[in-house]
Amino acid sequence: LSAMVRYFSSLARRLSSIRLRSVTSRVTYCNRATEQILGYAPEELVGVDMHQILTEHAFDRARTAVRESLDLATRGASADDPPREYDYLHKDGTIVPCEVVSRLIFDETSAPVAVVSVSRDARERKRADAERRRLEARMQQAQKLESMGILAGGIAHDFNNILVGILGNADLALEELPVGSPPRAYLHQINLSAKRAADLARQMLAYSGKGRFVIEEIDLNDLVLEMVRLLEASLDKKVHLAFELGK
């Protein structure tokens, strides 16, 4: 038994915590690396029940794993326990996730007498995984924004092509109609709406990186009155809009 412990200790003397416990879950041996991971000196843990250094959920899982290994061993099958992750309780009360590999130890009569476990602190790996996921999420978000920009740019170009036809035909129609003709008012509204749509297309192009924003002063009164004329065409006749414009 002691030879088995020395063998495992030689494999991971500095990196991993080596513990030997009875099949009833009491610690009978642990190496110095345990103190680096859990804060307990080896002598503090000898005789301690595993329930005291594992979270309740982790202890239940570990106990189930031992039972499964014992059941496999009694049936003559391989009792090798695959690597598992358990949450340990540090001496200061914090939770320490560890990757654990456990093996049953048998005596000369093939009866199970102990469980040897090699635990590796998983906190750094989990932090690295969390950072990797965060960077992946940022990259995916950047790719989404880039795709949206490409889509917006394509739509804006198509939109501009349509507006050119609308504005051109509206201007030609205005030239054909005499001054004072009632349809001229409607054509002016078409022209105005098309120009507003062109402004929207320019904003879409700027968002996609294929255009640029123009910062300029505007008269809010003129902007409100312009929007009123657009709204009146779609609002119910019973709706009355009233404004208090600044001077």
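In this numbering scheme, every chain counts its residues from 1 along its sequence in written order. Note on the predicted model: pLDDT of at least 70 is required for a residue's local features to be given, and 80 or more for side-chain atom pairs to be given and counted; whole-chain, interface and lining totals, by contrast, use all residues. Side-chain measures here rest on the full set of heavy atoms in the structure, leaving out hydrogens and waters.

1. Observations regarding the nonpolar core
As a rule of thumb, nonpolar side chains are buried together in soluble globular proteins. Of all hydrophobic cores here, the largest spans 18 residues; its most connected members are M50, L54, Y86 and Y88. Ranked by residue count, the leading element in this core is helix α4 (residues 56-74), at 4 residues. Put simply, a nonpolar core is a bunch of buried Ala, Val, Leu, Ile, Met, Phe, Trp, Tyr and Cys residues held in one set by side-chain atoms that sit within 4.5 Å of each other. The cut-offs for exposure are 20% and 50% of the maximum accessible area for each residue type, with area from a 1.4 Å probe on protein chains only; residues under the lower value are buried, those over the upper are exposed, and the others partly exposed. The way it works is that DSSP assigns letters per residue, a run of H or I at least four long becomes a helix, a run of E at least two long becomes a strand, and they are numbered from the N terminus.

2. A closer look at the pattern of salt bridges
Side chains that carry opposite charge are capable of pairing whenever their charged atoms lie near each other. Just to be clear on terms, a salt bridge is a Lys or Arg side-chain nitrogen sitting within 4 Å of an Asp or Glu carboxyl oxygen. Going through the model one piece at a time under the given rule, you end up with 14 salt bridges. Among the salt bridges present, the one from R125 reaches E85, with a minimum N-O distance of 2.7 Å. Note that R125 is positioned in helix α5 (residues 123-176) and E85 in strand β3 (residues 84-89), a separation of 40 residues in sequence. Judged by relative accessible area, R125 falls into the partly exposed class, the value being 32%. E136 is the salt-bridge partner of R132, the closest N and O atoms lying 3.2 Å from each other.

3. Things to note about empty space enclosed by the protein
Here a cavity is any set of points on a 1 Å grid over the protein atoms alone where a 1.4 Å probe fits but cannot get out, and a pocket is any open set with protein on both sides within 12 Å along at least 5 of 7 lines; a residue lines the site when it has an atom within 4 Å of a point. Grid points are joined across faces, edges and corners, and a volume is the space filled by probe spheres set on the points. According to the stated counting rule, one finds 2 cavities of 30 Å³ or more in the structure shown. In this classification, the charged set is Asp, Glu, Lys and Arg, the nonpolar set is Ala, Val, Leu, Ile, Met, Phe, Trp, Tyr, Cys and Pro, and all remaining amino acids, among them Gly, are polar. Classifying every residue of the lining of the second largest cavity by side-chain character gives 4 nonpolar, 1 polar and 2 charged.

4. Some words on the environment of S22
Positionally, S22 belongs in strand β1 (residues 17-22). The sequence separation of S22 and V113 amounts to 91 residues, and the corresponding C-alpha distance is 6.3 Å. If we ignore the near neighbours within four places in the chain, the residues touching S22 are T28, V113 and A114. Here a residue-residue contact requires only that any non-hydrogen atoms of the pair lie within 4.5 Å.

5. Side note on a nonpolar patch on the surface
For patch building, the residue pool is restricted to those with more than 30% relative accessible area and no salt bridge; the joining distance is 9 Å between like charges and 5 Å between nonpolar side chains (Val, Leu, Ile, Met, Phe, Trp, Tyr). Only the protein chains shown count as cover for residues, and the accessible areas themselves come from Shrake-Rupley with a 1.4 Å probe. A cluster of nonpolar side chains, L225, M227, L231, L235, V239, L241, F243 and L245, forms an exposed patch at the surface whose accessible area comes to about 600 Å². Its location among the elements puts L225 in helix α7 (residues 220-232).

6. Notes on α4
Spanning 19 residues, α4 covers 27 Å between terminal C-alpha atoms, matching the ideal 27 Å at 1.5 Å per step. Turning to α4, its buried residues number three or more, namely A58, F59, A62, A65, V66 and S69. Looking down the long axis of α4, one finds its buried residues gathered within 125 degrees of arc, a one-sided arrangement. Relative to its buried face, α4 has exposed residues pointing more than 90 degrees away, namely E56, H57, R67 and T74. The first or second residue beyond α4 is G76, which carries a positive phi of 80 degrees. Expected helix span is given by 1.5 Å per residue-to-residue step, counting one fewer step than there are residues. As used here, the arc belongs to the directions running from the helix axis to the C-beta atoms.

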